[in-house]
Amino acid sequence: MQKRYLIPLIYILFLMLPIYWLIAMSFKTTNEILSGFSLFPQTWTFDNYKVIFTDPSWYWGYINSITYVTLNMVISIAVALPAAYAFSRYRFLGDKQLFFWLLTNRMAPAAVFALPFFQLYSAVGLFDTHIAVALAHCLFNVPLAVWILEGFMGGIPKELDETAYVDGYSFPRFFTRIFLPNIKAGVGVAAFFCFMFSWVELLLAKTLTAVAAKPIAATMTKTASSAGYELGLLAAAGTLTIIPGAIVIYFVRNYIARGFALGRV
Amino acid sequence: MKTVNQRAWFFVLPVLLLVAFNALIPIMTVVNYSVQETFGNNLFFWEGLGWFEKLLHSDRFYSALGRQFVFTGLILAIEIPLGIIVALAMPKNGFWVPVCLVTMALPMLIPWNVVGAMWNILTLPDIGLLGYLMNHVLGITYDMTQNPTAAWITIVVMDVWHWTSLVVLLSYAGLVSIPDAYYQAAKIDGASGWAVFRYIQLPKMKSVLTIAILLRFMDSFNIYTEPFVLTGGGPGNSTTLLSIDLVKIALGQFDLGPAAAMSLIYFAITLLVSWVFYTLMTKDD
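Residues numbered from 1 in each chain as written. Chains lettered and ligands numbered in written order. Predicted model: local features only at pLDDT ≥ 70, side-chain atom pairs only at ≥ 80, totals over all residues.

Re the overall build of chain A
Part 1 of the reasoning: Regarding its fold elements, chain A presents 14 helices and 1 strand.
Part 2 of the reasoning: On the principal axes, the C-alpha backbone points of chain A span a range of 75 × 60 × 30 Å.
Part 3 of the reasoning: In chain A, which comprises 265 residues, the share counted as buried stands at 48%.
Part 4 of the reasoning: Sequence separation of at least 24 residues holds for 78% of the intrachain contacts in chain A that already meet a minimum separation of 6. (Helix = DSSP H or I, 4+ residues; strand = E, 2+ residues; numbered from the N terminus. Buried ≥ 20, exposed ≤ 12 C-beta atoms within 10 Å, placed from the backbone. Contact = placed C-beta atoms within 7 Å.)

Below, the structure is given as structure tokens:
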């Protein structure tokens, strides 16, 4: 092994340390946690996980989160695909300004939007629904999806479009049969990023929900504050929030670096 | 070359409507609040630019803004070089590449309040791994609920843990796009390691580093959930960053006018600094 590989190795160990501790905590009993320090769980317990999988207020949190994240992913990709195509293939009045304006929405502090979002979605009667959170997260996910898809589409030569038209393809048929399969990776990466940012965001999701669509992360905050020291339960819930991310990341592992560069490498 | 086609507007229309609904209406609400005073019961009085004036003369705002700039400055100063160093040392191909990428990306996929809770569990003085290590093994008194310095170090290390991988992945994407021929040419010329970095790798990473710096600036400047869960802005006000202060004013004290004025100034600063960064870094192209 070369010496320089020590750097990524140490870095990864540093990254894994808090995750290890969270997982270790989730298998400890409350007694063991409070009685003092132990590097490994002394008496393994699955009670914390049992609580989560049997108590509806816990497992509905997961179902709610996954529902609005999926909705958001579908909406974001559906509207971003044609827009990204327009930006990558055509010039039109105000195209650059529009592109920059989309970027500015990524910059707005979520804290700024919390209260107005609450009022807006209450006014249109969507408060405490999955679709409200899904739509709200479009604020930052749609611009992101447009950039990523535009980056990937830019790598497809324009000759492909022209050849298809010469061959007599209509636009919708060309787009779905020829173009989409060519940017599969881009769609996957864009979907991954929509998933990621919708999954990790909490401030807006919490503001827009009360009971029916409450995200898992908000259920955790409640436990942490009301029950005081249920650290094991908190750790188990936290551990379970890592799993969906770990699964989706596995599918895009080969494209992830390019995706983070917004398709522009 | 792109062709001019005004009908392309129909393609961007759905995006435009959706983002406008989410961005313009709330921003107009904020503007509306920022020029009014309310005593509840939906009664509003015209206040003009009074809130802005008061805010720009308030010490509380400047100290929160100061803390925010210190935090963001530290984050950029640590994460950007560290990210480049890790990316340079990573293997270029083989079995370990996807393993590195997946494990490194993992912290970014954890909900932000879980990140806060996780670091809380890690740093508990007597039962957390880090807290125990510091207090009982290394003998350094460490309690971030009491000591502002400890709280600051903890939120900075937490953010380094959370987001350095973004810089690593971006730099790595830039590095692997460099053709081997460049390195061979450098070898023939007898270029030093530093020269290879300075004249081959760094220029090739420029565009991705621009994205990295912009994203890290925007996100660290807008950070709320993680430090809020970890320290709640304390001890005292020592880690009350701009967002935390803003939410305190808006939802804690329900002072909508001042909070709205603060929101707009906050947003304007983010836009301005991002724009300056962006123009400076893309000037040569």
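Anyway, onward from the coordinates.
Details of the overall build of chain B
Part 1 of the reasoning: Assigned secondary structure in chain B consists of 12 helices and 3 strands.
Part 2 of the reasoning: The dimensions of chain B, computed from C-alpha atoms along their principal axes, are 75 × 70 × 30 Å.
Part 3 of the reasoning: In chain B, which comprises 285 residues, the share counted as buried stands at 41%.
Part 4 of the reasoning: If you take every contact in chain B between residues at least 6 apart in sequence, the share linking residues at least 24 apart comes to 71%.

What to know about the nonpolar core
Part 1 of the reasoning: Counting 157 residues, the largest nonpolar core has Ala80(A), Ala83(A), Val146(A), Leu149(A) and Leu169(B) as the members making the most contacts within it.
Part 2 of the reasoning: The greatest single-element share of this core, amounting to 17 residues, is contributed by helix H7 (residues 130–154) of chain A. (Core = buried A, V, L, I, M, F, W, Y, C linked by C-beta atoms within 7 Å.)

What to know about unusual backbone geometry
Part 1 of the reasoning: With a phi angle near 65°, Asp128(A) is a residue other than glycine that sits in the positive phi range.
Part 2 of the reasoning: Here Asp128(A) is to be found in the loop between helix H6 (110–123) and H7.

Remarks on the interface of chain B and chain A
Part 1 of the reasoning: Each partner contributes to the interface: chain B provides 75 residues, whereas chain A provides 80 residues.
Part 2 of the reasoning: Per-element accounting of the side of chain B that touches chain A gives the leading share, 13 residues, to helix H1 (residues 9–34) of chain B.
Part 3 of the reasoning: Grouping the amino acids of the side of chain B that touches chain A by side-chain chemistry returns 57 nonpolar, 16 polar and 2 charged.
Part 4 of the reasoning: Judged from the 2 bridges that link them, strand S1 (residues 90–91) of chain A and strand S1 (residues 3–4) of chain B form a sheet pairing that is parallel. Following the sheet pairing, Tyr90(A) is matched in S1(B) by Thr3(B). (Nonpolar A, V, L, I, M, F, W, Y, C, P; charged D, E, K, R; others polar. Pairing = 2+ DSSP bridges.)

A look at the packing of helix H5 (residues 95–107) of chain A against H7(A)
Any two packed helices are characterised by how steeply their axes cross, that is the angle between the axes, and by the distance between the axes.
Residue and element names in this part refer to chain A.
Part 1 of the reasoning: In contact at an axis separation of 8 Å, H5 and H7 are set at 135° when each is read in the N-to-C sense. In terms of orientation, H5 lies oblique with respect to H7. Read as a crossing pair, H5 and H7 show a hand that is left-handed. Contacts between H5 and H7 involve Leu-102, Leu-103, Asn-105 and Arg-106 on the former and, on the latter, Leu-139, Phe-140, Pro-143, Leu-144 and Val-146. (Axes fitted to C-alpha atoms, helices over the stretch in contact; angles between N-to-C directions. Parallel < 35°, antiparallel > 145°, perpendicular 65-115°, else oblique. Left-handed = near helix turned anticlockwise from the far one by under 90°.)

Quick word on the environment of Met28(B)
Part 1 of the reasoning: By the secondary structure assignment, Met28(B) is in helix H1.
Part 2 of the reasoning: For Met28(B) and Gly174(B), which are 146 residues apart along the polypeptide, the C-alpha to C-alpha distance reads 40 Å.

A few points about H5(A)
In an α-helix there are 3.6 residues to a turn, and that puts residues three or four apart on one side.
Part 1 of the reasoning: Spanning 13 residues, H5(A) covers 19 Å between terminal C-alpha atoms, matching the ideal 18 Å at 1.5 Å per step.
Part 2 of the reasoning: Buried within H5(A) are the following residues: Leu98(A), Leu102(A), Asn105(A), Arg106(A) and Met107(A).
Part 3 of the reasoning: Residues of H5(A) that are buried sit in contact with H7 of chain A together with H1, helix H9 (193–221) and helix H12 (256–281) of chain B. (Expected span 1.5 Å × (residues − 1).)

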